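Read off the chains here:
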Amino acid sequence: MSFQLTLHLGEVLVTRRFHLTLILIISLALAPLGEAKNENFLSWKDFPTQLRFGSEMTISSPELEASFQEVYATRPQVEGSPLVWTTPLVDQKIDGIQRSIKQKYKGSKAKSPQLERLKVHGHVERPGLSINYSNGFSMTLFPDPGVLELNHTPSSQVQIEKNIERIQTDYFDEGKMQGLTPAIFTGGGHIHIEVAKLNPVTVRNFLAIVFNSTGLFAGALNEDEFNSIGVAELPQKQKEELRREFAKFDSFDPPDFRRIYDITWSAYNIPLSEESREYQQGRGEMRPQKYHAVSFNSFHALGTLEIRGIRPQSSARAYLKLVKLFVALMQMADKKQLQGERVPLNELKSLKGHPQAILADFDRLLTEAGLKFEDYTEFVLPWWLDKGGEVDRYLEKRPKEGNFCRALLG
């Protein structure tokens, strides 16, 4: 008996027959988005094993990027027309990865994964490859403008750790054999976090912790004001709106989960203004609220938030490091919630253009999360890692442990 399942993931739609492997966050069992009456919220102790993540890892090459540009250049330019989603070269690269994986597992003791070609739909149909392993973990590879993107089944930190070698060898290493490497500045790399099973106050505290760490999206994890603007770079009116929404959330008892979305929705509506020229570049009066460092575009549909203000990961282990960071920050947020604490918003001062202040801010956050700054320097803007560069300068004058004051601006 044949049947068909059609699923939506943001702008991506996947059609499968028979074998149903759900990509990214599609299979999340969503909690009700009403008042917080659920006493079965996940506890911080369970986050490493039960808080689930979805990936948007990307690989590319100058040749692949050029193939998208060539197709775009030959298309009729119609206002509002969608981007180019695939090219003939994409099929060649996916075919090459599929053949290579088959060949690799022929001589291996490891059980060969099931490989299945499928159709992924955004604005147009595009090719995809599903890699399904015997332990239930799966990865789906498909094109996004300029890149080949990888989603995996919704997985906890522990599940990702168990499958880390599969991600590395069957995506990053196989991609490299096809001339594709991590697309550090091309786009993608976003991480989704399932928050619908968490206490609303925990999520609210997580937002405050991340928003207060204004160096994160000014160079520590990325600096891309056009595609993922950070809260510190919002116009002052939007910052004031954000504070009002936090106050509204805090006035509800019990807290209303629907207001998690409201916290950002109003503030993220940025009208065209001189204060946000880079963000508004090439757009009309208003941009979708999706293009923020922390996006709730998928919240109502999937119960997730998307961390967009990060660059594509350089390896599977780099991806795991970021997952561990967000688990640690969410644990901080939940512990404060259990203590009855609502993390206040600070002044949300922009650190853009001040590398030493950004590094100090990042160091402080990592230390509070129980992580080591030295383990996360790979994520800062690459030129800061040059010999004698910003990171070396920071480490030379780094404050003693436990005294992480912000570096002076200027």
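What counts and how
Residues numbered from 1 in each chain as written. Predicted model: local features only at pLDDT ≥ 70, side-chain atom pairs only at ≥ 80, totals over all residues. Heavy atoms only, no water. Helix = DSSP H or I, 4+ residues; strand = E, 2+ residues; numbered from the N terminus. Expected span 1.5 Å × (residues − 1). Buried < 20%, exposed > 50% of the residue type's maximum accessible area, 1.4 Å probe, protein only. Salt bridge = Lys/Arg side-chain N within 4 Å of Asp/Glu carboxyl O. Axes fitted to C-alpha atoms, helices over the stretch in contact; angles between N-to-C directions. Parallel < 35°, antiparallel > 145°, perpendicular 65-115°, else oblique. Left-handed = near helix turned anticlockwise from the far one by under 90°. Contact = heavy atoms within 4.5 Å. Nonpolar A, V, L, I, M, F, W, Y, C, P; charged D, E, K, R; others polar.

**Focus: helix H3 (residues 88-106)**
Piece 1. Over its 19 residues, H3 runs 28 Å from end to end, which matches the ideal 27 Å to within 8%, given 1.5 Å per residue.
Piece 2. Taken residue by residue, H3 has Leu89, Val90, Lys93, Ile94, Gly96, Ile97, Gln98, Ser100, Ile101 and Tyr105 as its buried positions.

**Focus on the pattern of salt bridges**
Piece 1. For the structure shown, the criterion picks out 23 salt bridges.
Piece 2. Two residues, Lys248 and Glu245, come together in a salt bridge whose shortest N-O distance is 3.4 Å. Here Glu245 and Lys248 lie together in helix H7 (residues 236-250), a separation of 3 residues that amounts to about one turn.
Piece 3. Judged by relative accessible area, which is 39%, Lys248 ranks as partly exposed.
Piece 4. Note that Lys336 and Glu341 form a salt bridge whose closest N and O atoms lie 3.8 Å from each other.
Piece 5. Its relative accessible area of 24% is what places Lys336 among the partly exposed residues.

**Looking at the packing of H7 against helix H8 (residues 258-268)**
Piece 1. The contact between H7 and H8 brings their axes to 8 Å, and the two run at 165 degrees. Here H7 is positioned roughly antiparallel relative to H8, judged by the angle of their axes. For the element pair H7 and H8, the recorded crossing hand is right-handed. When H7 is examined against H8, the residues Gln238, Glu241, Leu242, Glu245, Phe246, Lys248 and Phe249 are found in contact with a partner set consisting of Arg259, Ile260, Asp262, Ile263, Thr264, Ser266 and Ala267.
Piece 2. Taken together, the residues that form the contact of H7 with H8 break down as 6 nonpolar, 3 polar and 5 charged.

The quantities given are spatial measurements derived from coordinates; they are silent on function.
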